[in-house]
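Chain by chain, the residues:
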Amino acid sequence: MYPLKNLRRRSSRTVLTIAGVSLAITLAIIMFSISEGIRESTNEIIEKSGIDILVVPSGGDIFFGSGEFTDARTIAEDIEAENENISAAYPILRERMYISTGETKDGEDRPVITSLLAKGLSREANEAFETAEIIKGTEIQTYGDPFYANGTYDGGTGSANFTHELVVNSPLARSLDLDLGDVVFISPQLPASEGEFDDWISNATWFRVEGVRTQSFEDEGDLAASLHLSELQYISGKSDRDRADVIVIDLHNPSDAGEVKEWLENDFSGADDVSAFTQEDIRQEIERFTSIYRGFSEIVAGITLLVALLFISTVVMISVKERTGELSALRAIGFSRTSIFKLVLVEAVLICLIGFVVGLIFGGIGVEVVNGYAESAGTGLPEGFKIARITPDLLIKATASITAIGVLVGLIPAFWASRLNIVEALKSE
Amino acid sequence: MILRNAFRRKGRTTMTVAAVAISMALLVSMLSIAEGILYNAQVGIEESKRDIIVASEGIHGITNGHTITEELKGYENVSSASAILVTDGTELLSLNFTDQGSGEQLNRPAVGIGLVPDDEFTFLGDETERQFRDIFEIKFNDWFEEGGDPHYDNDYSGEWTYEVLLDETFAKRHNLTHGSQLNINDHPVDFQITGTITTILSEDLLIDFDFGIIIMHLSELQSLLNLTANDVITSVSISLDDEHKDVNAARDIAQNIKDEYPFYSVATKEDRLDSIADELSLAQLLYTAIGSVSMIIGLLFVACIMIMSVFERTNEFGMMRAIGISKKTIFKQTLLESMVLVIIGAGIGLVFGYFGSVATGDWIRETSGLNRDFTIFTPNLVITSMIIVIGFGSLISIYPAWQAARKKILDALRFIR
């Protein structure tokens, strides 16, 4: 094919031009794939969790924080009872605590105490939603959160109802080298000195590791563990008024989420005390964050592609001017203006498309490198979260853009070539 | 002659220089973001009076905060110490108040910071420039009437001051002024706004979250959060006397503190700077890489144009060789021609890059709603970008120069395009 032959004829400039285009495409693909990755991964995780609505104290935000509910179980029960679209409502408490095995590892001077994000919830809540998977062992086993005992928390940590069940996330299990059946100690504070460590152990509450789970998005990249709500409330001093941070809601029909949110914030008996967030609200919040990054990517990719555009258009123009005699000869033997126009245009589009394919390959490699780095650098991303993704939408937009650029840069040289005066051109050769 | 050759084909030269200039402008803008990220993080720490910070890994793991602070004040070579308690995201304060503009009764969350005014004052700079930047960026427009922490006395049964400082943006949004009443966490008595602070949060924050920032007395915040049983705090900042502010002295004192409190983190300024540099190195690398890729495209353009130019001037190079000009001279000349295009483009790009970095900073500021400088244009940046450009430019220019130098005389003279 003539355009392809021409490209091969001047191989160095063709290679350099294609290299320029492919670099621009690689950069654009990697940058856009990051915002696509964050958005798609977050949407998947939210949908998979099965949480239809999150309720926090009035004015709060699920990403940035809120106050605490008091009488959380009562509020959850009222929510469930007052709206038949609601299948279940569960309170959840999250507290920063400290955890230790109490033992000194080889090579360490003293036992390690590490910070922990503890999540208190009932077994029923755990089963209703899928935010993490069990790798080893089981979830918390006992139903009904028995230690709550109608708000009495009777008997303290020595009570027969205090289950001491704990499920740790995999980074925590790795950090403290935990296995099933291991005993750990959890306390809301740290000991001040080494001398106070034994007191700390005796005042802390022991738990037994029942299971190890994957990292969930709620862990916020931290070492984390799940236990019964009442037990966490008690050991963190939040049992005085049945405190919790959030109430998660499961609907019979997830498409009712908008309607139920409206009801919660306006007609529910406790409407003044709550703010509700649907999956759609979460998506929009993520969209707001990624919009800055996407805007930035568009500017950078746009400028880089502009440079590539200048590059290709200059090279194609010079290339056409060098071949004035050749093109005139083609006209002289009967090639029409339209054919010459098409030949030159196709050459320009070919450079762009070859550059695009090469750029796509390197872009794909780049995306794998970014994801690999993000996973290995211990950034605390939840399981299955891909920070960069090449989506079909991204591919379509990229293909359309590069084709448009190819046509644009080829138009003027193609037009110029098709307008050549055969006699003048052949005379000057 | 080099300049004449470079500008022989004005059209293509203009396009080449333009491409290099645009790439350079983008490189400079990206580097200015990279510099800005590091500068913002570092300058607060470098200028801070907090020579050592004792903290727990979580947000309130340190117990007996008041006592520890007094103990640390008594340490040799320590000139002052100050305890701080900060709320975390799972436990924001709940503010109940009347919006003075609309008359509406509102409930909003707030970040709470508790401190002992007299202790913290020593870390804030002079009267006119009261701000701390190394934990949050806050400028105090007003200060507390009561300098001590009276509520702490007699096991938290001392008098409450009910003084709070509120961030200006939140106060303005809800028409709250000096003297306005705020109920916090359903406490039986309302607090009074006795002053404001300025933060980097503007009125047009990207996130749609209406929250305040409250500064109050340490013991009062502890009471509101039920943290009085163990006098829990987040961190203690320590200032050393002038003779012991150097890196080694600070490290020794920090080690002594660490030996006494092995479960707390004890960080000197040096430690905090290293930690910040580590955390931000990836972000910096990212921006530098983005800028460099763009620059390489511009330089590939130069190389391509030079290759075309060398090809067109085959006869000319043949003639030059025939009259005795050495391969080395032709190599150098062609290389320099290429570098002229690169340097002119880079110079123009540097100027546009400056404006680009200002525009980028403004764009990020407007989009995020945070009032701070996100980009910074420094001599270091100019040097880094010129090194990148000249370095890559030289490498890329070697091939066309080598092409020009290796042409055989007879073949070159016989060459017909």
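Residues numbered from 1 in each chain as written. Chains lettered and ligands numbered in written order. Predicted model: local features only at pLDDT ≥ 70, side-chain atom pairs only at ≥ 80, totals over all residues. Heavy atoms only, no water.

A separate point is the overall build of chain B. Along its length, chain B carries 13 helices and 12 strands. Taken over the C-alpha trace, chain B has a radius of gyration of 31 Å; the compact-globule value for 417 residues is 22 Å, which it surpasses by more than 25%. If one aligns the C-alpha atoms of chain B with their principal axes, the spans along those axes are about 105 × 55 × 35 Å. Counting over 417 residues, chain B shows a buried share of 56%. Residue pairs in contact within chain B that sit at least 24 positions apart in sequence constitute 80% of those at least 6 positions apart. When the 31 positive and 57 negative side-chain charges of chain B are each reduced to one mean point, those points stand 30 Å apart. (Helix = DSSP H or I, 4+ residues; strand = E, 2+ residues; numbered from the N terminus. Rg over C-alpha atoms; globule rule 2.2 N^0.38 Å. Buried < 20%, exposed > 50% of the residue type's maximum accessible area, 1.4 Å probe, protein only. Contact = heavy atoms within 4.5 Å. Lys, Arg positive; Asp, Glu negative; His and termini not counted. Charge placed at Lys NZ, Arg CZ, Asp CG, Glu CD.)

Quick look at helix α12 (residues 379-405) of chain B now. All names here are of chain B. Helix length check: α12, at 27 residues, gives a terminal C-alpha distance of 37 Å against a target of 39 Å (1.5 Å per residue), a fit within 8%. A bend of about 30° at I398 is the largest found in α12, and the proline P400 appears one to four places after it. Buried within α12 we find L381, S385, I388, V389, G393, I396, S397, P400, A401, Q403, A404 and A405. Looking at the buried residues of α12, the elements they touch are α2 (10-47), α9 (269-312), α10 (314-322) and α11 (327-368). (Expected span 1.5 Å × (residues − 1). Bend = angle between axes of the 7 residues up to and from the residue.)

Let us now look at the interface of chain B and chain A. Taken together, the contact pairs 58 residues of chain B with 62 residues of chain A. Carbon and sulfur atoms supply 72% of the area that chain B and chain A bury against each other, a total of about 5100 Å² over both sides. Of all residues in chain B, T90, F263 and I297 of chain B bury the most surface against chain A, accounting for 15% of the area lost on that side. Applying the counting rule to chain B against chain A returns one salt bridge. For K238 of chain A, the salt bridge goes to E91 of chain B, with nearest N and O atoms at 3.3 Å. On inspection of chain B and its partner chain A, the count reaches four residue pairs in polar contact (both at pLDDT 80 or more). Those elements that place two or more of their residues in the side of chain B that touches chain A are α2, β4 (105-115), α9 and α11 of chain B. Ranked by the residues each element gives to the side of chain B that touches chain A, the list is headed by α9 of chain B, at 17 residues. Of the residues belonging to the side of chain B that touches chain A, the class tally is 34 nonpolar, 15 polar and nine charged. (Buried area = accessible area lost by both parts, 1.4 Å probe. Salt bridge = Lys/Arg side-chain N within 4 Å of Asp/Glu carboxyl O. Polar contact = N/O pair within 3.5 Å; in protein donor to acceptor, adjacent residues only side chain to side chain. Nonpolar A, V, L, I, M, F, W, Y, C, P; charged D, E, K, R; others polar.)

A word on the side chain of S80 of chain B. All names here are of chain B. Relative to the helices and strands, S80 resides in strand β2 (residues 78-86). Assessed through its relative accessible area of 13%, S80 is described here as buried. Excluding residues that lie within four positions of it along the chain, S80 makes contacts with T122, F123, S237, I238 and S239.

Residue and element names in this part refer to chain B. If you trace the backbone, D167 turns up in strand β7 (residues 163-167). As for D167 and T196, which are separated by 29 residues in sequence, their C-alpha atoms are 5.4 Å apart. Those residues in contact with D167 that lie beyond four places of it in its chain are I197, T199, F211, G212 and I213.

A contiguous nonpolar surface patch, about 480 Å² in accessible area, is contributed by V357, I361, F362, I365 and V369 of chain A. Considering the arrangement of structural elements, one finds I361 of chain A in helix α11 (residues 337-376). (Patch = residues over 30% accessible without salt bridge, like charges linked within 9 Å, V, L, I, M, F, W, Y side chains within 5 Å. Areas by Shrake-Rupley, 256 points an atom, 1.4 Å probe, with all protein chains shown as cover.)

To continue, consider the confidence of the model for chain B. Mean pLDDT over chain B: 86, with 94% of residues reaching 70 or higher. Taken together, the chains of this predicted complex give a pTM of 0.83 and an interface ipTM of 0.81. (pLDDT = per-residue confidence, 0-100.)

Within the chain, D71 of chain A stands out as a residue other than glycine whose phi angle is a positive 50°. Along the polypeptide, D71 of chain A turns up in the loop between β1 (53-57) and α3 (72-82). On the basis of relative accessible area, D71 of chain A is assigned to the partly exposed category, the value being 37%. Here N185 of chain B, not a glycine, exhibits a phi torsion of approximately 50°, which is positive.

The subject of this paragraph is the packing of aromatic side chains. Residue and element names in this part refer to chain A. Under the definition given, this model contains 25 aromatic pairs over all chains. On the basis of an interplanar angle of 50° and a centroid distance of 5.3 Å, the ring pair of W263 and F268 is categorised as tilted. Here W263 and F268 have matching classes, each one buried. Site record: aromatic cluster; members linked through ring pairs are F147, Y148, Y153, F162, F207 and Y234. In this structure, R73 is placed above the aromatic ring of Y148, and the distance from its NZ or CZ to the ring centre is 3.6 Å. In this structure, K321 is placed above the aromatic ring of W416, and the distance from its NZ or CZ to the ring centre is 5.7 Å. (Phe/Tyr/Trp six-rings, centres within 6.5 Å; stacked < 30°, edge-to-face > 60°. Lys NZ or Arg CZ within 6 Å of the ring centre and 35° of its normal.)

For the rest of this paragraph, the subject is α10 of chain B. The set of residues buried in α10 of chain B consists of T314, F317, G318, M320 and R321 of chain B. Projected down its long axis, α10 of chain B shows its buried positions confined to an angular sector of 165°, all on one face. (Arc of directions from axis to C-beta.)

Residue and element names in this part refer to chain B. By the secondary structure assignment, S397 is in helix α12. Engagement of the side chain of S397 in a polar contact is seen with the backbone oxygen of G393, the distance being 2.6 Å. Residues within four places of S397 in sequence aside, it is in contact with L335, S338 and M339.

Residue and element names in this part refer to chain A. For strand β5 (residues 165-169), the buried fraction is high: five of the five residues fall into the buried class. Here β5 shows two buried faces, one formed by E165, V167 and N169 and the other by L166 and V168. By the bridge criterion, five bridges tie β5 to strand β7 (residues 205-213) in an arrangement that is parallel. Residue pairing across strands places N169 opposite R213, the latter belonging to β7. Here β5 pairs with strand β8 (residues 224-228) via two bridges, running antiparallel. What sits directly across from V167, in β8, is S226. (Pairing = 2+ DSSP bridges.)

All names here are of chain A. Counted according to the given criterion, the structure contains 35 salt bridges over all chains. Between E133 and K48 there is a salt bridge; the shortest N-O distance is 3.3 Å. With E133 in the loop between α4 (123-128) and β4 (134-137) and K48 in helix α2 (residues 11-49), the pair connects residues that are 85 residues apart, well separated along the chain. We note a salt bridge from R73 to D145, for which the minimum N-O separation is 2.6 Å. Taken together, the residues R73 in helix α3 and D145 in the loop between β4 and β5 connect sequence positions 72 residues apart.

With that settled, the discussion passes to a negative patch on the surface. On the surface, E270, D271, D274, D278 and E279 of chain B cluster together into a negatively charged patch. On the secondary structure map, E270 of chain B appears in helix α9.

Residues and elements named next belong to chain B. Inspection of the secondary structure puts Y156 in helix α5 (residues 153-156). Separated by 66 residues in the primary sequence, Y156 and Q222 have C-alpha atoms spaced 9.3 Å apart. Excluding residues that lie within four positions of it along the chain, Y156 makes contacts with H66, H151, S219, Q222, S223, T228 and D231. A polar contact of 2.7 Å, which involves the side chain of Y156, links it to the side chain of Q222.

All names here are of chain A. The buried count for strand β9 (residues 246-251) comes to six of six residues, which makes it a mostly enclosed element. Burial along β9 is two-sided: V246, V248 and D250 and I247, I249 and L251, pointing in opposite directions, are all buried. Pairing of β1 with β9, which is carried by three bridges, proceeds in the antiparallel orientation. Residue pairing for β9: L54 is matched across the bridge by V248. As paired elements, strand β2 (residues 86-100) and β9 share six bridges and run antiparallel to each other. For A88, the partnering residue across the bridge sits in β9 and is D250.

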